[in-house]
Amino acid sequence: MTDIVNKKYYEDLYADIKRVLTSARTTAVVAVNSAMVKAYWAVGRLIVDAQGGEHKAAYGDNLLNELSVRLTSEFGKGFDASNLRRMRQFYLSFPICDTVCHKLSWSHIRHLIKVSDTNARVYYAEEAIKGGWSVRELERQIATQHYERLLSTHRDKADVQELLRANLPTKPDKYDPLALVHDPFILEFLDIKPDAALQESELEKAIISHLEQFMLELGRGFAFVGRQKRITIDGQHFYPDLVFYNIPARCYVIIDLKMHSTDYADIGQMQLYVNYYNMDVCTDKDNPTVGIILCSEKNDSVVRYTLGNRNDIGVFSPQYKLLMPTEEELKREIALTRENFKLLNK
């Protein structure tokens, strides 16, 4: 056996051993994390039970302070009074410790328990598990009120939840294109400042460079199909900016980027793209195509008069923002979107 063969044998052996140990270490970390999260949930339940099940107890702070001193002296860091309050809130926020305890870290849960709305909290927890969100991704989705933005442009909350939570192997019976649209889109991760000289091609290039984050902003189940996908009709060529496929909804999603408010020509062009995909690209297993015109400014009147009844058409024109709005600004935007949507569906 030559030295070269010996070296190759050694490298292969080392790689195999490394793979085994890395896998074992990862499994151990996951197991330890799951065990600790379940333990924190159980501690929270014991505290709530000790307080008679009350959400607030007169002796609550004293009890937690005394527990903190003794637990810290015996188990070390991680059991100060503030963390015990989080464990208590964990139990109150998730009375049943099921997949949350097994799939999410304590860092994830610390962000989730800050969400006051029960439906929103469950949504973020389920999406974090299904999407494999990092703590940072979860924090961003909560901060940008992704759930609230999604619901602001939808008719039926139950239908949204059913579509988003499903992993459908076949074409879903219930289909609502609005489950794939929210308003506004927050694109602060592109790190682009609003500028009148900014070109659509530059915005598109930035999105491609941050494609994973953009798909997270779109929602769960999106697969990237391509950019500037050529459409040829009677010798004329057209180029939609971005094309995706949403797996749970079983439909194509076409996105065009506009540096101005949406006008009639933009809507007509998107209708052409959507019709082409519906007629020449989609199969019987696909739902109708969704077209999204992402614009820098709203022009809901033009959209309303051009599209008429949006219940029967898959073209939408939400706004994007390149800077993260404040919480109050975002709430106002969501409220405005909700009101505009009501007008569009009268």
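Before going into details, it helps to say that this report is about the structure given with it. Just so you know, these numbers come straight off a predicted model, no measurement behind them. (Residues numbered from 1 in each chain as written. Predicted model: local features only at pLDDT ≥ 70, side-chain atom pairs only at ≥ 80, totals over all residues. Heavy atoms only, no water.)

1. Re the overall build of the protein chain
Logical step 1: For the protein chain, the count of helices and strands is 14 helices and 9 strands.
Logical step 2: Within the protein chain, counting contacts between residues at least 6 apart in sequence, those at least 24 apart form 68% of the total.
Logical step 3: Total accessible area computed for the protein chain in this model is approximately 19,000 Å², and 53% of it derives from carbon and sulfur atoms. (Helix = DSSP H or I, 4+ residues; strand = E, 2+ residues; numbered from the N terminus. Contact = heavy atoms within 4.5 Å. Areas by Shrake-Rupley, 256 points an atom, 1.4 Å probe, with all protein chains shown as cover.)

2. Describing helix H6 (residues 118–131)
Logical step 1: When the terminal C-alpha atoms of H6 are compared, their 20 Å separation across 14 residues agrees well with the 20 Å that a helix rising 1.5 Å per residue should span.
Logical step 2: When we look at burial in H6, the residues that qualify are Ala120, Arg121, Tyr123, Tyr124, Ala125, Glu127 and Ala128.
Logical step 3: One side-chain oxygen at the N-terminal end of H6 lies 3.2 Å from the backbone nitrogen of asparagine 119; it belongs to aspartate 117.
Logical step 4: Of the residues trailing H6, glycine 132 is marked for its positive phi of about 60°. (Expected span 1.5 Å × (residues − 1). Buried < 20%, exposed > 50% of the residue type's maximum accessible area, 1.4 Å probe, protein only. Polar contact = N/O pair within 3.5 Å; in protein donor to acceptor, adjacent residues only side chain to side chain.)

3. Points about the side chain of serine 68
Logical step 1: With respect to the element layout, serine 68 can be found in helix H2 (residues 60–75).
Logical step 2: You can call serine 68 buried: its relative accessible area is 11%.
Logical step 3: Within the structure, serine 68 has its side chain in polar contact with the backbone nitrogen of alanine 81 (distance 3.3 Å).
Logical step 4: The contact partners of serine 68, leaving out residues within four places of it in the chain, are Phe79, Asp80, Ala81 and Leu84.

4. Re the nonpolar core
Logical step 1: Among the nonpolar cores identified, the biggest contains 31 residues, and Phe90, Val100, Leu104, Trp106, Ile109, Leu112 and Tyr124 are the most heavily contacted of them.
Logical step 2: Taken together, the elements giving at least two residues each to this core come down to helix H1 (3–50), helix H3 (81–93), helix H4 (99–103), helix H5 (106–112), H6 and helix H8 (146–152).
Logical step 3: Residue contacts for valine 100: discarding those within four places in its chain leaves Val37, Phe90, Phe94, Ile109, Ala125 and Ile129.
Logical step 4: Of all hydrophobic cores here, the second largest spans 30 residues; its members include Leu180, Ala206, Ala249 and Leu322. (Core = buried A, V, L, I, M, F, W, Y, C linked by side-chain atoms within 4.5 Å.)

5. Quick notes on unusual backbone geometry
Logical step 1: Geometrically, the link from aspartate 183 to proline 184 is a cis peptide bond, its omega value of 0° lying close to zero.
Logical step 2: Here proline 184 is to be found in the loop between helix H9 (157–165) and strand S1 (185–186).
Logical step 3: For aspartate 234, which is not a glycine, the phi torsion comes out positive at approximately 50°.
Logical step 4: If you trace the backbone, aspartate 234 turns up in the loop between strand S3 (231–233) and strand S4 (236–238).
Logical step 5: Its identity as a non-glycine residue notwithstanding, arginine 250 has a phi of 55°, on the positive side.

6. A word on the pattern of salt bridges
Logical step 1: Across all of its chains, the model carries 8 salt bridges by this definition.
Logical step 2: Residue glutamate 217 pairs with arginine 140 through a salt bridge whose shortest N-O separation is 3.1 Å. Separated by 77 residues along the polypeptide, glutamate 217 in helix H11 (residues 211–218) and arginine 140 in helix H7 (residues 135–143) bring together distant segments of the chain.
Logical step 3: The residue glutamate 333 makes a salt bridge to lysine 321 at a minimum N-O spacing of 3.2 Å. (Salt bridge = Lys/Arg side-chain N within 4 Å of Asp/Glu carboxyl O.)

7. A look at the state of the cysteines
Logical step 1: All chains considered together, the criterion is met by 1 disulfide.
Logical step 2: Two residues, cysteine 97 and cysteine 101, share a disulfide whose sulfurs are 1.2 Å apart. Given an S-S torsion of about -120°, the disulfide between cysteine 97 and cysteine 101 has left-handed geometry.
Logical step 3: A relative accessible area of 0% places cysteine 101 in the buried class. (Disulfide = S-S within 2.5 Å.)

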